[in-house]
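The lines below spell out each chain.
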Amino acid sequence: GKFGPAYLSFFPQHTIQENGKAVVPPIEKRLSYHYHKFGRVIHFNLDSGYLFPYDGQQLDFIKEISAAYPNFIKIASYHNPTFPTCHNNDTSISVQMGLNVWNPVFDAYNFFSVFENHQHTFKKTYPLRGNKPSTVGTIFLGNGNWGADLGGKCTPKKGSVFETIGSYHHFWLVNVSWSQGAVTYSAYNNTGASIITPFQQKISDYINIHTPEKKSRWHH
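Here goes a summary of the coordinates provided.

## Let's talk about empty space enclosed by the protein
Inference 1: Taken as a whole and judged by the stated rule, the model has one cavity of 30 Å³ or more.
Inference 2: In this structure, the largest cavity spans a volume of roughly 30 Å³.
Inference 3: Along the walls of the largest cavity sit Asn103, Phe106, Asp107, Leu128, Asn131, Thr138 and Phe140, which together make up its complete lining.
Inference 4: Examining the composition of the lining of the largest cavity, we find that three residues originate from one element, helix H3 (residues 93–108), more than from any other.
Inference 5: Its residues assigned to classes, the lining of the largest cavity comprises three nonpolar, three polar and one charged.

If you want it as structure tokens, here you go:
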């Protein structure tokens, strides 16, 4: 937490509206959570308990932005995993807050996917609703291992929510095609080889693209 303000002073992550223009906010108004729009995709960068708690104003932010953009594909990313792939972190406060505070909101607003980090492993969950496998639901991907030392510090866990767990360097590539009506996910290792068979989510299973947008007081 003590490094938060210094980080935000050097790397502001969002803008505010000032006289009709998007400007970098003064340091006292900079937040560790924010959103960015890419076409009709909205990506939430969230703070998993470092400078802001899961609930309170951050939870209000997630709900308000999600309600304001009902016809957008919603994706989130944050640091501490709600679904850890290692046995040494499955009772943490981050797990409990993710399961009980954020995930009901992800369900309510039909988030497509969530990228989690911290444990330097590879994972793909089944689509989840109510924190359980479902035909259609949010897929949790991670856990942040592109350049980190694999280290062997993680004792892999098995559970009903995980479709795939591994220990290798990787990155995820997400392709959104409105013409094909699908979001396609691929994962590659550090040699460029595919790790898993690419998979898709059907856009119409998650959103009604004809729903009008509401105005929001938040900015990115």
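## So, the sheet that holds strand E6 (residues 113–115)
Inference 1: Read from one edge of the open sheet, seven strands run E3-E4-E5-E6-E10-E7-E11, paired in mixed fashion. Edge positions in the sheet fall to strand E3 (34–38) and strand E11 (162–166), since each of these pairs with one other strand and no more. Averaged over neighbouring strand pairs, the angle between their axes works out to 15° when direction is ignored.
Inference 2: Examined bridge by bridge, strand E5 (residues 73–77) and E6 share three bridges and lie parallel to one another. Note that in E6 the partner of serine 77 across the bridge is phenylalanine 115.

## Considerations on helix H2 (residues 57–68)
Inference 1: For H2, spanning twelve residues, the distance from its first C-alpha to its last is 16 Å, which sits close to the expected 16 Å at 1.5 Å a residue.
Inference 2: For H2, the set of buried residues is Gln58, Leu59, Phe61, Ile62, Ile65, Ser66 and Ala68.

## So, a nonpolar patch on the surface
Inference 1: Where nonpolar side chains cluster on the molecular surface, the patch consists of Tyr7, Phe10 and Phe11 and spans about 400 Å² of accessible area.
Inference 2: Positionally, phenylalanine 11 belongs in the loop between helix H1 (4–10) and strand E1 (16–18).
Inference 3: Judged by its relative accessible area of 47%, phenylalanine 11 is partly exposed.

## Digging into the side chain of glutamate 116
Inference 1: Within the secondary structure, glutamate 116 is located in the loop between E6 and strand E7 (122–125).
Inference 2: The class for glutamate 116 is buried, based on a relative accessible area of 1%.
Inference 3: Leaving out residues up to four positions away in the same chain, glutamate 116 has contacts with Tyr78, His79, Pro81, Thr82, Phe83, Lys123, Phe140, Leu141, Gly142, Asn143 and Gly144.

Reading the values: the criteria
Numbering of residues begins from 1 in every chain and follows the order in which that chain's sequence is written. This being a predicted model, a pLDDT of at least 70 is required before a residue's local features are given, and a value of 80 or more before pairs of side-chain atoms are given or counted; all residues contribute to the totals for chains, interfaces and linings. The basis for every side-chain value is the complete set of heavy atoms in the structure, and neither hydrogens nor water enter the calculation. Space inside and on the surface of the protein is sampled on a 1 Å grid over the protein atoms alone, with a cavity defined as a set of points where a 1.4 Å probe fits but cannot get out and a pocket as an open set with protein on both sides within 12 Å along at least 5 of 7 lines; lining residues have an atom within 4 Å of a point. Grid points are joined across faces, edges and corners, and a volume is the space filled by probe spheres set on the points. Secondary structure elements follow DSSP: runs of H or I no shorter than four residues count as helices, runs of E no shorter than two count as strands, and numbering proceeds from the N terminus. Under the scheme applied here, ten amino acids are nonpolar (Ala, Val, Leu, Ile, Met, Phe, Trp, Tyr, Cys and Pro), four are charged (Asp, Glu, Lys and Arg), and all others, including Gly, are polar. Pairing between strands is defined by DSSP: at least two bridges between the two strands are required. Interaxial angle, 0 to 180 degrees, is taken between N-to-C directions of lines fitted to C-alpha atoms, where a helix line uses only the stretch in contact. Expected helix span is computed as 1.5 Å times (number of residues minus one). Think of it in three bands: residues with accessible area under 20% of the maximum for their type are buried, residues over 50% are exposed, and the middle band is partly exposed, with areas taken using a 1.4 Å probe on protein chains only. What goes into a patch is any residue over 30% in relative accessible area without a salt bridge, connected to like charges within 9 Å or, for nonpolar side chains (Val, Leu, Ile, Met, Phe, Trp, Tyr), within 5 Å. Here the open area of atoms and residues is found with the Shrake-Rupley method and a 1.4 Å probe, where only the protein chains shown may cover a residue. Definition used for salt bridges: Asp or Glu carboxyl oxygen within 4 Å of a side-chain nitrogen of Lys or Arg. Contact between two residues is taken to exist if any of their heavy atoms lie within 4.5 Å; hydrogens are not considered.

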